[in-house]
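# Tertiary structure, described
One letter stands for each residue in the lines below.
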Amino acid sequence: MSYGQLGHHSQRNWLASEQLASFLDSDDLSLLEEKPLTAEKDDGFKSLLRCQACFLCVVSAGVSVVCVPSAFFCGRIYKGSSLTLTDTAVEFSQPTPSACVLANLKRTIPLENITDVTVEDDCILQMFNLKKILVQTAGTGGIPVGPGGNAMAGIQAVFVREPELWKAAINHAHSLKVQTNAPGGMMMSRKNATK
């Protein structure tokens, strides 16, 4: 990465942080209707993907290169991973290795269906300075099913930069959505209470 690209990269990260902070300071979901928030990716996620692919190859004595070549499309997985917060839902997308292809896992969780948002880490994520955001809905429980929890109905996003800020933003959007859906909804926000 050149010096000019580095400056543009950190400026983009600062702008994304400012957009999150601006939303957290507001009581208006329409900000997300005008411009949904999309999570910046942490570079540690790319390193994690590469290490997982190398580990898979070493452990399987190279058989995984032949049997599951999609596990080695780290760049495509990195670029295809996204988390977006809109005025109505949290949208998640991530390519997932599946046999010889990359299956694109997509989930949309309406804001009013969110029951819990947590940020977790483990020893492997800590090595890459990453944390995992878990967005759960009724019925998803706390126990992931399948490798990486892919069969879970909620969202598990490992790639997000500033996961604690994203947790706060998702919880804030959920609260605002619940307030606006309540009887007399718009009357409950701080913005409308001053009118």
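Just so it is clear, the structure is predicted and the values come from calculations on it, not from any experiment. Along every chain, residues carry numbers that run from 1 in the direction the sequence is written. Residues qualify for local features only when their pLDDT is at least 70, as the model is predicted, and side-chain atom pairs are given and counted only at 80 or more; totals for whole chains, interfaces and linings, by contrast, use all residues. Remark: hydrogens and water are excluded; side-chain values derive from all non-hydrogen atoms of the structure.

### Observations regarding the sheet that holds strand β3 (residues 89-98)
- In space, the 4 strands of this open sheet follow the order β1-β2-β3-β4, with antiparallel pairing throughout. With one partner strand each, in any of the chains shown, β1 (37-38) and β4 (101-110) form the two edges of the open sheet.
- A pair of strands is considered paired only if DSSP assigns at least 2 bridges between the two. Put simply, DSSP H or I for four residues or longer makes a helix, DSSP E for two residues or longer makes a strand, and each gets a number counted from the N terminus. Inspection of the sheet shows strand β2 (residues 82-85) paired to β3 by 4 bridges, in the antiparallel sense. Bridging from a neighbouring strand, Leu-83 pairs with Phe-92 of β3.
- Here helix α7 (residues 163-181) sits on the sheet in contact with β1, β2 and β3, set at roughly 40° to β2. Two residues qualify as a contact provided that any one of their heavy atoms is within 4.5 Å of a heavy atom in the partner residue. Axis angles are defined between N-to-C directions and span 0 to 180 degrees, where every axis is a line fitted to C-alpha atoms and, for a helix, only to the segment in contact.

### So, the sheet that holds strand β5 (residues 114-120)
- Pairing is antiparallel in the open sheet, where 3 strands are placed in the order β5-β6-β7. Two strands bound the open sheet, and with one partner strand each, they are β5 and β7 (155-157). Neighbour-to-neighbour, the strand axes of this sheet turn through a mean angle of 10°, independent of strand direction.
- Of the pairings in the sheet, the one linking β5 to strand β6 (residues 132-137) comprises 6 bridges and is antiparallel in character. Its bridge partner lying in β6, Val-119 is registered against Ile-133.
- On top of the sheet, α7 reaches β5 and β6; it is set at about 170° to β5, its chief contact.

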